[in-house]
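# Chain and residue survey
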Amino acid sequence: MSVAFSVTKWDEEPIDKSKIDFPVNRVQAEYELEGELQGKAWVEYLLYYLESNKEDGHLATARITGFLHFEGEYKGKTGTFTAAEKGIFDKGSLDSPGMIIKSTGELQGLTGSYQYDFVGENSKLILDFKDNE
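Every value quoted in this text rests on a predicted model; they were computed, and no experiment measured them.

## With respect to the pattern of salt bridges
- Tallying each qualifying case throughout the model produces eight salt bridges.
- In this structure, K9 and E30 form a salt bridge, with 4.0 Å as the shortest nitrogen-oxygen distance. Here K9 is found in strand β1 (residues 2-14), whereas its partner E30 is found in strand β2 (residues 24-34), with 21 residues between them in sequence.
- Owing to a relative accessible area of 28%, K9 belongs among the partly exposed residues under this scheme.

Quick look at the structure:
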């Protein structure tokens, strides 16, 4: 199953501007999700740039690690989940699967993973969730 999402916030700053040999940025992002998974997600990323492109950030290559926290509904049930992500962004392609590590509320017992899928301006999450209630 896939759900649409849009990036509503992306704040990215270097961890330490004085360490050019340590190209790590911190990102605080927010996503709006629509479909069977509906709500808002807050994401904290650390990006280590292997190759940067200041003119067009979509042409950069970076290792990614982070956490996503979702609040909203999944198939009509309300709750939250937190997922851990780890992967790579390479010149517009993102391979950073997320794995649910905790779920609460009516979503307690929800497990599984997701993948990102970018097609032009349409962004999707491909869900592989299991409700273990």
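## Thoughts on the environment of G66
- Tracing the backbone shows G66 in strand β4 (residues 61-74).
- Look at G66 and you get buried, because its relative accessible area is 7%.
- A sequence separation of 49 residues divides G66 from Q115, and the C-alpha atoms of the two residues are 14 Å apart.
- Leaving out residues up to four positions away in the same chain, G66 has contacts with E44, Y45, A83, A84 and E85.

## Observations concerning unusual backbone geometry
- Positive phi outside glycine occurs at K75, with the angle close to 50°.
- Inspection of the secondary structure assignment puts K75 in the loop between β4 and β5 (77-90).

## Things to note about the packing of aromatic side chains
- Counted under the stated rule, the structure contains eight aromatic pairs.
- Note on F5 and Y116: the rings are 5.7 Å apart at their centroids and 70° apart in plane angle, and the pair reads as edge-to-face. You can see F5 sitting in strand β1 and its partner Y116 sitting in strand β8 (residues 110-119), a full 111 residues away along the chain. Each of the two residues, F5 as well as Y116, counts as buried.
- With 5.6 Å between their ring centres and 80° between their planes, F81 and F129 make a pair best called edge-to-face. One end of the pair, F81, is in strand β5; the other, F129, is in strand β9 (residues 122-131), with 48 residues separating them in the sequence. Here F81 matches F129 in class, with each residue buried.
- Aromatic ring contacts, followed pair by pair, group F5, Y31, Y114 and Y116 into a single cluster.

What counts and what doesn't
- Residues numbered from 1 in each chain as written.
- Predicted model: local features only at pLDDT ≥ 70, side-chain atom pairs only at ≥ 80, totals over all residues.
- Heavy atoms only, no water.
- Salt bridge = Lys/Arg side-chain N within 4 Å of Asp/Glu carboxyl O.
- Helix = DSSP H or I, 4+ residues; strand = E, 2+ residues; numbered from the N terminus.
- Buried < 20%, exposed > 50% of the residue type's maximum accessible area, 1.4 Å probe, protein only.
- Contact = heavy atoms within 4.5 Å.
- Phe/Tyr/Trp six-rings, centres within 6.5 Å; stacked < 30°, edge-to-face > 60°.

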